[in-house]
Amino acid sequence: MFQNGYPADKRFYFICDHEFLKKRGMGHMLPWPWTMGTKQYERAGYIQVGASVAELAGKIGLDPMALEKTVEEHNIHAKSGVDPYFGRGASVFNRMLGDPSVGKVNPNLGPIATGPFVALQIVPATLGTATGLATDTSGRVLNVDAAPIDGLYACGNDATSLMRGLYPGAGITIGPGIVFAYRAVNAITNTGRNSGAEQIR
Ligand SMILES: Cc1cc2nc3c(=O)[nH]c(=O)nc-3n(C[C@H](O)[C@H](O)[C@H](O)COP(=O)(O)OP(=O)(O)OC[C@H]3O[C@@H](n4cnc5c(N)ncnc54)[C@H](O)[C@@H]3O)c2cc1C
């Protein structure tokens with residue numbers, strides 16, 4: 001999103017058709033039957049819905065012909081299985097997370113074909129962090145000489161990620177967060193038992 005130029009009005013949309021929404025849900029909306037209909041989300045302004053791609057474009061303030069062209073192009077790519085713009089489905093990791101039922105050619109690229117069509121605005125936000133305080137295996141914060149600072153612990157987003165800036169997939173933030181919180185508490189309680197009160201900052 002950022003590499004392709006952040007538009008001045010800061011708007012990005014996830015656009016899909018009704019079938020997609022029913023099967024997979026989208027954002028706050030769960031798949032059918034947990035989310036039975038879209039009306040309440042539409043009324044709340046969470047999504048915009050159009051009977052046709054052109055109508056949807058009108059509702060989100062885009063040029064209808066431009067959006068129709070984009071969707072048309074996307075559907076050609078879905079058919080060929082090649083995504084020249086974003087490379088969806090190019091990696092094994094991508095394909096493993098895909099849905100084989102969308103087409104044998106590329107499980108990450110299904111057509112946007114059956115109306116009504118739905119748009120959900122995408123707003124970039126922070127999911128996790130890659131860098132933070134250096135810690136040891138007990139979550140103790142290290143100083144510049146890599147020695148533990150007495151009584152100071154960190155985990156989760158406050159600690160440097162084990163992945164050193166990579167994001168292999170969901171779970172890599174919460175997983176280590178839980179593990180190192182657990183290890184830190186163990187270290188704190190053990191220290192407390194063995195050497196009297198240790199101040200936690
Ligand atoms: C939409 C979304 C989806 C995600 N999906 C996944 C996923 O599938 N798997 C995964 O592993 N990770 C996922 N993450 C990332 C993960 O949720 C976070 O990285 C993780 O929760 C960070 O944990 P944390 O304890 O470091 O921080 P937080 O969970 O942010 O906890 C910090 C807490 O401190 C509180 N706080 C802040 N300031 C103060 C203050 N001054 N005084 C007192 N309290 C304060 C906050 O209210 C908050 O409760 C997702 C994140 C988002 C936003």
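Here the structure is shown first, and the text comes after it.
Let me sum up the structure you'll find in this document. (Residues numbered from 1 in each chain as written. Predicted model: local features only at pLDDT ≥ 70, side-chain atom pairs only at ≥ 80, totals over all residues. Heavy atoms only, no water.)

1. Side note on the site of the ligand
Heads up, the rule is: Summary of the distance rule: residues count as near a molecule or strand when at least one heavy atom falls within 4 Å of that molecule or strand. The term polar contact refers here to a pair of N or O atoms within 3.5 Å; inside protein, the definition further demands a hydrogen-donor-capable atom paired with an acceptor-capable atom, and it admits residues adjacent in sequence only when both atoms are side-chain atoms. Here the nonpolar group is Ala, Val, Leu, Ile, Met, Phe, Trp, Tyr, Cys and Pro; Asp, Glu, Lys and Arg are the charged ones; every other residue, Gly included, is treated as polar.
Taken together, Thr 126, Leu 127, Gly 128, Gly 156, Asn 157, Ala 170, Gly 171, Ile 172, Thr 173 and Ile 174 make up the full set of residues adjacent to the ligand. Between the ligand and Gly 171, the relevant distance is 3.0 Å, taken from an oxygen atom to a main-chain nitrogen or oxygen of the residue. Each residue belonging to the shell around the ligand can be placed in one class, and the counts come to four nonpolar, six polar and no charged.

2. Let's talk about the packing of aromatic side chains
For any two aromatic rings, the description comes down to two numbers: the centre-to-centre distance and the angle of the planes. This is how it is decided: Two rings from Phe, Tyr or Trp (for Trp, the six-membered ring) form a pair when their centres are within 6.5 Å of each other. A pair whose planes differ by under 30 degrees is stacked, one over 60 is edge-to-face, and the rest are tilted. Only protein chains enter the accessibility calculation, which uses a 1.4 Å probe; a residue whose area is less than 20% of its type maximum is buried, one above 50% is exposed, and one in between is partly exposed.
For the coordinates displayed, the defined rule picks out three aromatic pairs. Taking 6.0 Å as the distance between ring centres and 50° as the angle between the ring planes, the aromatic pair formed by Tyr 41 and Tyr 46 counts as tilted. Ring plane angle 70° and centroid distance 6.4 Å describe the contact between Tyr 85 and Phe 86, whose orientation is recorded as edge-to-face. Per residue, the accessibility class of Tyr 85 equals that of Phe 86, and both read exposed.

3. Focus on the sheet that holds strand E3 (residues 117–122)
Strand pairing in a sheet relies on backbone hydrogen bonds, with the paired strands running either antiparallel or parallel. Which entries qualify depends on this criterion: Two strands pair if DSSP finds at least two bridges between them. Secondary structure follows DSSP: runs of H or I at least 4 residues long count as helices, runs of E at least 2 residues long count as strands, and numbering of each begins at the N terminus. Structural elements are reduced to axes, namely lines fitted to C-alpha atoms, with helices fitted over the stretch in contact, and the angle between N-to-C directions of any two is expressed from 0 to 180 degrees.
Ordered by their spatial adjacency, three strands build an open sheet running E1-E3-E2, and the pairing between neighbours is antiparallel. Each edge of the open sheet carries a strand with a single partner, namely strand E1 (12–17) and strand E2 (47–50). Strand-to-strand twist across the sheet, computed as the mean angle between neighbouring axes with direction ignored, equals 25°. With six bridges connecting them, E1 and E3 associate as antiparallel partners. Looking at E3, one finds that Ile 15 is bridged to Ala 119.

4. Some points on the pattern of salt bridges
Note on pairing: side chains with opposite charge can pair once their charged atoms come close. Formally: We count a salt bridge whenever a side-chain nitrogen from Lys or Arg sits within 4 Å of a carboxyl oxygen from Asp or Glu.
Throughout the structure, instances matching the rule amount to seven salt bridges. In this structure, Arg 24 and Asp 99 form a salt bridge, with 2.5 Å as the shortest nitrogen-oxygen distance. Here Asp 99 lies in the loop between helix H5 (92–96) and E3 and Arg 24 lies in helix H1 (residues 18–24), a separation of 75 residues in the sequence. According to the relative accessible area criterion, Asp 99 is buried, its value standing at 18%. For Lys 59, the salt bridge identified is with Glu 55, shortest N-O distance 3.8 Å. Of this pair, Lys 59 and Glu 55 both sit in helix H3 (residues 53–59), separated by four residues, roughly a single helical turn. Its relative accessible area of 37% is what places Glu 55 among the partly exposed residues. Within this structure, Lys 39, Glu 42, Glu 55 and Lys 59 form a network of salt bridges that share partners.

5. Structural notes on the side chain of Asp 83
Heads up, the rule is: It only takes one pair of heavy atoms within 4.5 Å for two residues to be counted as in contact.
Locating Asp 83 in the fold gives a position in the loop between helix H4 (64–80) and H5. The exposure class assigned to Asp 83 is buried, which follows from its relative accessible area of 7%. Ignoring sequence-local partners within four residues, the contact set of Asp 83 consists of Arg 88 and Leu 109.

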